[in-house]
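# Coordinate analysis (summary)
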Amino acid sequence: MRIVDTIAPVVEVQKVEGYLNVPYKAEDFVLSVEDVTEVTFKFTQEPDMTKEGEQQITICVTDAGGNETVKETSLTISKDTEAPVISGENDIYVYMGDTVSYKNAVKVTDNCSQGLDLNIDNSSVNLSVPGTYQVTYTARDLAGNEAVKTVNVIVKEQKYSEEEVNALADKVLAKIIKDGMTPYEKVEAIYYYTRRNI
């Protein structure tokens, strides 16, 4: 017995609205497809992505048995004039010698996500020297629209001032040093505290 597939795929297509020079695949126009085998998609004629306006698109869907379904739809192309949006950027505080994740919490959105690029210029930042430095985020989409945001990177010399360190040390000493201890016992108490906690 030989089973021959003679049933063509059942295909539903959709209209697509796109932007100049953005590449599309034939399957982008297919809303749904039903068939018992794997299917392939192709344009009967490649769309012209350099021309604004509406054009007719013909999609050919072929199953493993060679059965074809041809559907017509349309592609409307317009010029992309909307710049990307950068969000989540904030001034960054860091201590000398630490590392920085510049992309942390930063998001870029656009009306056309294809070809979206984010460039981070942190060339002026010196994490070894305290000071305030600028970092520039530049988001560019496929049409060349740009968004630019600048934040400060504040590099601090140390995590705590000398006064803060002494105050923290005094709190520890008050817990581990008891009245009547000899100098040796005090040193021993400090030694065991550092061994257990640092």
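Residues numbered from 1 in each chain as written. Predicted model: local features only at pLDDT ≥ 70, side-chain atom pairs only at ≥ 80, totals over all residues. Heavy atoms only, no water.

## Some details on the pattern of salt bridges
Heads up, the rule is: A side-chain nitrogen of Lys or Arg and a carboxyl oxygen of Asp or Glu constitute a salt bridge if their distance falls within 4 Å. Buried means the residue's accessible area, taken with a 1.4 Å probe over protein chains only, is under 20% of the maximum for its type, while exposed means over 50%, and partly exposed covers the values in between.
Across all of its chains, the model carries two salt bridges by this definition. Of the charged contacts, one joins Glu146 and Arg140 as a salt bridge, the two residues approaching to 2.3 Å between their closest N and O atoms. Using a relative accessible area of 41% as the deciding quantity, one classes Glu146 as partly exposed.

## A short note on the sheet that holds strand β6 (residues 68-78)
Note on sheets: strands pair through backbone hydrogen bonds, and any given pair is parallel or antiparallel. Short version of the rule: Following DSSP output, two strands are said to pair if at least two bridges run between them. What counts as a helix is a DSSP run of H or I of at least four residues, what counts as a strand is a run of E of at least two, and both are numbered from the N terminus. To get an axis, a line is fitted to the C-alpha atoms, and for a helix only the part in contact is used. The angle between two axes follows their N-to-C directions and goes from 0 to 180 degrees.
Pairing in this open sheet of four strands is mixed, and the strands run β2-β6-β5-β4 from one edge to the other. In this open sheet, the two edge strands, each paired with only one partner strand, are β2 (16-19) and β4 (39-43). Shown here is a sheet whose adjacent strand axes are inclined to one another by a mean of 35°, direction ignored.

## Some remarks on the nonpolar core
Spelled out, the test is: Working definition of a nonpolar core: buried Ala, Val, Leu, Ile, Met, Phe, Trp, Tyr and Cys residues. They are joined through side-chain atoms within 4.5 Å. Between two residues, a contact is recorded if the distance between any of their heavy atoms is within 4.5 Å.
Among the nonpolar cores identified, the biggest contains 17 residues, and Tyr24, Phe29, Phe43, Ile57, Ile59 and Leu75 are the most heavily contacted of them. Of all the secondary-structure elements, those providing two or more residues to this core are β4, β5 (53-63) and β6. Ranked by the residues each element gives to this core, the list is headed by β5, at three residues. Residues in contact with Ile57, not counting those within four places in the same chain, are Phe29, Phe43, Pro47, Lys71, Glu72, Thr73, Ser74 and Leu75. Listed in part, the 15 residues of the second largest apolar core include Ile92, Tyr102, Val135 and Val151.

## A closer look at the packing of aromatic side chains
Operational definition: Note on aromatic contacts: the rings of Phe and Tyr and the six-membered ring of Trp form a pair at centre separations within 6.5 Å, being stacked when their planes are under 30 degrees apart, edge-to-face when over 60 apart, and tilted otherwise.
Taken as a whole, this structure holds three aromatic pairs when the rule is applied. With a centroid separation of 6.4 Å and an interplanar angle of 65°, the aromatic rings of Tyr24 and Phe29 are classed as edge-to-face. With a relative accessible area of 18%, Tyr24 lands in the buried category. Phe29 gets classed as buried once you look at its relative accessible area, which sits at 0%.

## Observations concerning a nonpolar patch on the surface
The line we're drawing: The patches reported here contain residues having more than 30% relative accessible area and no salt bridge. Joining distances are 9 Å for like charges and 5 Å for nonpolar side chains (Val, Leu, Ile, Met, Phe, Trp, Tyr). Computed with the Shrake-Rupley method and a 1.4 Å probe, the accessible areas treat only the protein chains shown as cover for residues.
There is a patch of nonpolar side chains on the surface, built from Tyr160, Val165 and Leu168 and spanning about 290 Å² of accessible area. Mapped onto the fold, Leu168 is located in helix α1 (residues 162-176).

## Some words on the environment of Asp63
Short version of the rule: Contacts described as polar in this section are N or O atom pairs within 3.5 Å, which, within protein, must combine one atom able to donate a hydrogen with one able to accept it, while residues neighboring in sequence count only if both atoms come from side chains.
Within the secondary structure, Asp63 is located in strand β5. Measuring from C-alpha to C-alpha, the distance between Asp63 and Val153 comes to 57 Å, with 90 residues separating the pair along the chain. Apart from residues no more than four positions distant in its own chain, Asp63 is found in contact with Asp5, Ile7, Ala8, Pro9, Asp35, Thr37, Glu38 and Val39. Engagement of the side chain of Asp63 in a polar contact is seen with the backbone nitrogen of Gly65, the distance being 3.0 Å.

## So, the sheet that holds strand β10 (residues 117-121)
Judged by pairing direction, the sheet is mixed, and its four strands sit side by side in the order β8-β12-β11-β10 without closing on themselves. Because the sheet does not close on itself, it has two edges, and the strands there are β8 (92-95) and β10. The mean inter-strand angle of the sheet, taken between neighbouring strand axes irrespective of direction, is 25°.

## Observations concerning the packing of α1 against helix α2 (residues 183-197)
Condition: Any angle between 65 and 115 degrees counts as roughly perpendicular, while under 35 counts as roughly parallel, over 145 as roughly antiparallel, and the rest as oblique. The handedness criterion is simple: a crossing whose near helix is rotated anticlockwise from the far helix by less than a right angle is left-handed, and one whose near helix is rotated clockwise is right-handed. Any residue that is not Ala, Val, Leu, Ile, Met, Phe, Trp, Tyr, Cys, Pro, Asp, Glu, Lys or Arg is counted as polar, Gly included; the first ten are nonpolar and the last four charged.
The interhelical angle for the contact between α1 and α2, taken along N-to-C directions, is 115°, at an axis separation of 10 Å. In terms of orientation, α1 and α2 fall into the roughly perpendicular class. For the element pair α1 and α2, the recorded crossing hand is right-handed. Contacts between α1 and α2 involve Val172, Leu173 and Ile176 from the first element and Ala189, Ile190 and Tyr193 from the second. Here the residues of the contact of α1 with α2 sort into six nonpolar, no polar and no charged.

Honestly, that's just the spatial picture; any functional story needs more than this.
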